[in-house]
Amino acid sequence: MLYRNVAKPFFFKMDPEKAHHLVIGGLHTAGSLPGGSGLLKGMYGVSETPDLAVDLFGLHFPTPVGLAAGLDKNAAAVEGFSSIGFGFMEVGTVTPKGQPGNDQPRLFRLPPDEALLNRMGFNNEGAEAMARRLSGLKTRPVPVAVNIGKNKVTPNEEAYKDYQECIRKLYPYGDFFVVNISSPNTPDLRNLQYGSELSSLIMHIMEEMRLQAQKYGESKHILVKIAPDVSNEELEMMVDALAVSGISGIIATNTTIGRDGLTHPNKQETGGISGRPLRARSTEVVSRVYRQTEGKLPIIGSGGIFTAEDAYEKIRAGASLVEIYTALIYEGPEVNRRLHAGLRELLRRDGFSHVSEAVGADHR
């Protein structure tokens with residue numbers, strides 16, 4: 001209860017972005033100090049158990065719960081985040097060149113809705129800075145996915161060059177990669193999700209992945225993160241294109257521009273919503289993708305997960321792994337132990353000996 005009673009009231013009195021930087025700085029310092037990672041693991045770590053460990057994408061995930069992209073944009077606190085119970089984490093979104101992002105304020109809390117609203121705009125220090133940080137890591141206890149995007153000034157017809165450049169600079173350092181074409185905070189980015197633009201973009205990205213695999217003698221997997229704000233018909237066409245593209249999986253979903261049911265005044269701000277309001281739609285997207293692909297294209301479920309029941313809902317809908325972000329802000333690092341214990345209990349309740357047996361169970 002340390003976070004809820006002490007840290008959270010302190011952070012929630014601060015500007016959200018200042019609190020964000022304070023958390024990243026603190027985890028960076030703790031993870032880099034001698035014995036710091038061990039201390040974090042002792043306080044918040046999750047012990048690996050055979051029923052929840054997952055092998056996927058040629059990687060071992062100690063737990064199926066990861067950290068979504070957007071929190072550690074520059075891979076500044078990988079060792080810290082890796083020590084507080086996550087089974088994997090995304091860093092980024094990173095762009096080829098560093099950019100400041102959108103004007104501040106650009107991050108808002110909606111406490112009664114248990115949501116966050118952001119219009120950050122891919123603020124990051126660039127691919128070279130991230131490569132330096134990742135190459136300098138002493139240890140990497142969990143898989144690290146590099147989430148890649150395009151610079152704001154790059155027109156859509158040349159977007160593939162930005163994604164390719166990120167892959168070239170970061171290929172040796174990411175365990176797997178995620179293509180972000182679904183953030184609502186970069187103008188026209190979501191247009192890359194549709195039709196010939198999507199097929200062409202993924203074709204160029206896969207070409208670069210093959211070139212880097214040949215160069216380094218190691219193949220790595222790449223996923224695409226999709227938006228929740230598409231019609232079911234658009235989603236079906238998108239998934240059809242992705243299923244034949246050679247990608248390894250889909251992350252469902254990014255933030256939503258929808259405002260249904262929100263009560264806090266900050267709902268008037270422009271940007272994408274994460275947290276509880278996203279839960280139902282992101283789970284629906286997971287379910288539709290799983291059903292359409294007959295479970296053959298792995299899914300990482302993301303959006304509105306606060307409890308073990310929320311995570312289990314996405315797993316039964318078809319997610320092989322899940323991610324959290326907003327729950328970490330509202331619940332603190334203790335959330336990972338609660339999720340782990342709760343998932344184990346839910347598996348036992350339903351007679352499953354391993355989490356993989358529950359993946360897509362609602363479709364059987």
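Counting starts from 1 at the beginning of each chain's written sequence and moves along it residue by residue. Restriction of local features to residues with pLDDT of at least 70 applies here, the model being predicted, together with a cutoff of 80 or more for giving and counting side-chain atom pairs; totals for whole chains, interfaces and linings are based on all residues. With hydrogens and water excluded, all non-hydrogen atoms of the structure serve as input to the side-chain values.

An unreviewed UniProt entry lists the protein under the name Dihydroorotate dehydrogenase (quinone), from Paenibacillus dendrobii. According to the UniProt record, the Sequence similarities (unreviewed entry) comment for the protein reads "Belongs to the dihydroorotate dehydrogenase family. Type 2 subfamily." UniProt positions are given in the numbering used here, feature names are shortened, and annotations may be inferred rather than shown by experiment.

Caption draft 1: Inspection of the overall build of the protein at higher detail. Helix and strand content of the protein: 13 helices and 15 strands. Radius of gyration means the value over C-alpha atoms here, while the globule rule gives 2.2 Å times the residue count to the 0.38 power. Its C-alpha atoms give the protein a radius of gyration of 19 Å, within 12% of the compact-globule value 21 Å for 364 residues. Principal-axis analysis of the C-alpha atoms gives the protein an extent of 50 × 45 × 45 Å. Remark: exposure states derive from per-residue accessible area (1.4 Å probe, protein chains only) relative to the maximum for the residue type, with buried under 20%, exposed over 50%, and partly exposed in between. Per-residue burial over the protein gives 60% buried out of 364 residues. Per the convention used, a helix needs a DSSP run of H or I reaching at least four residues, while a strand needs a run of E reaching at least two, with both numbered from the N terminus.

Caption draft 2: Fine view of a negative patch on the surface. A patch is a set of surface residues, each over 30% in relative accessible area and not in a salt bridge, joined within 9 Å for like charges and within 5 Å for the nonpolar side chains Val, Leu, Ile, Met, Phe, Trp and Tyr. Exposure was quantified through the Shrake-Rupley algorithm and a 1.4 Å probe, taking into account, for residues, occlusion by the shown protein chains and nothing else. We count a salt bridge whenever a side-chain nitrogen from Lys or Arg sits within 4 Å of a carboxyl oxygen from Asp or Glu. Lys and Arg are tallied as positive, Asp and Glu as negative. Neither His nor the chain termini are counted. We put the charge of a Lys on NZ, of an Arg on CZ, of an Asp on CG and of a Glu on CD. There is a patch of like negative charges on the surface, built from Glu-157, Glu-158, Asp-188 and Glu-197. Its location among the elements puts Glu-157 in the loop between β9 (144-148) and α6 (159-170). Taking relative accessible area as the criterion, Glu-157 reaches 63% and is therefore assigned exposed.

Caption draft 3: Up close: the sheet that holds strand β7 (residues 115-118). A strand pair is defined by DSSP finding two or more bridges across the two strands. The three strands lie next to each other as β6-β7-β13, forming an open sheet whose pairing is antiparallel. Two strands lie at the open edges of the sheet, namely β6 (107-110) and β13 (272-275), each paired on one side alone. Taking the axes of each pair of neighbouring strands and ignoring which way they run, one obtains an average angle of 25° across the sheet. As paired strands, β7 and β13 are joined by four bridges and run antiparallel to one another. What sits directly across from Ala-115, in β13, is Gly-275. Lines fitted to the C-alpha atoms define the axes, with helices restricted to the stretch that makes contact. Angles between their N-to-C directions range from 0 to 180 degrees.

Caption draft 4: Seen up close, the UniProt feature "active site" (unreviewed entry) in the protein. Within this structure's numbering, the places UniProt gives as "active site" (unreviewed entry) are Ser-183. For Ser-183, the position within the fold is in the loop between β10 (176-180) and α7 (195-216). Apart from residues no more than four positions distant in its own chain, Ser-183 is found in contact with Phe-122, Leu-189, Arg-190 and Asn-254. By definition, residues are in contact when any of their heavy atoms lie within 4.5 Å.

Caption draft 5: Looking closely at helix α12 (residues 335-349). In this scheme, a helix's expected span is set at 1.5 Å multiplied by one less than its residue total. Spanning 15 residues, α12 covers 21 Å between terminal C-alpha atoms, matching the ideal 21 Å at 1.5 Å per step. Of all the residues in α12, the buried ones are Val-335, Asn-336, Leu-339, His-340, Leu-343, Leu-346 and Leu-347. Buried residues in α12, looked at end-on, bunch into an arc of 135°, giving them a common side. Here the buried face of α12 lies against β3 (65-67), α10 (308-317), β15 (321-324), α11 (326-331) and α13 (355-358). In this context, the arc is that of the directions from the helix axis out to the C-beta atoms.

Caption draft 6: Representation of the sheet that holds β10 in the model. The strand order around the closed barrel built from eight strands is β3-β4-β9-β10-β11-β12-β14-β15, with neighbouring strands paired in parallel fashion. Direction aside, neighbouring strands of the sheet carry axes that sit 25° apart on average. Across three bridges, the pairing between strand β14 (residues 299-302) and β15 is parallel. Bridging from a neighbouring strand, Ile-300 pairs with Leu-321 of β15. Helix α5 (residues 127-135) rests against β4 (88-94) and β9 of the sheet, and its axis sits at about 155° to β4.

Caption draft 7: Local environment of the nonpolar core. Nonpolar cores were defined as sets of buried Ala, Val, Leu, Ile, Met, Phe, Trp, Tyr and Cys residues, with membership established by side-chain atoms within 4.5 Å. Phe-81, Tyr-163 and Ile-226 are the most contacted members of the largest nonpolar core, which totals 102 residues. Considering each element in turn, this core owes the most residues, seven residues, to α7. Setting aside chain neighbours within four positions, we find Phe-81 in contact with Ile-24, Leu-27, Leu-67, Leu-71, Asp-72, Phe-86, Met-89 and Leu-328. Judged by nonpolar contacts, the second largest core, of six residues, contains Phe-108, Leu-110, Ala-115 and Ile-273.

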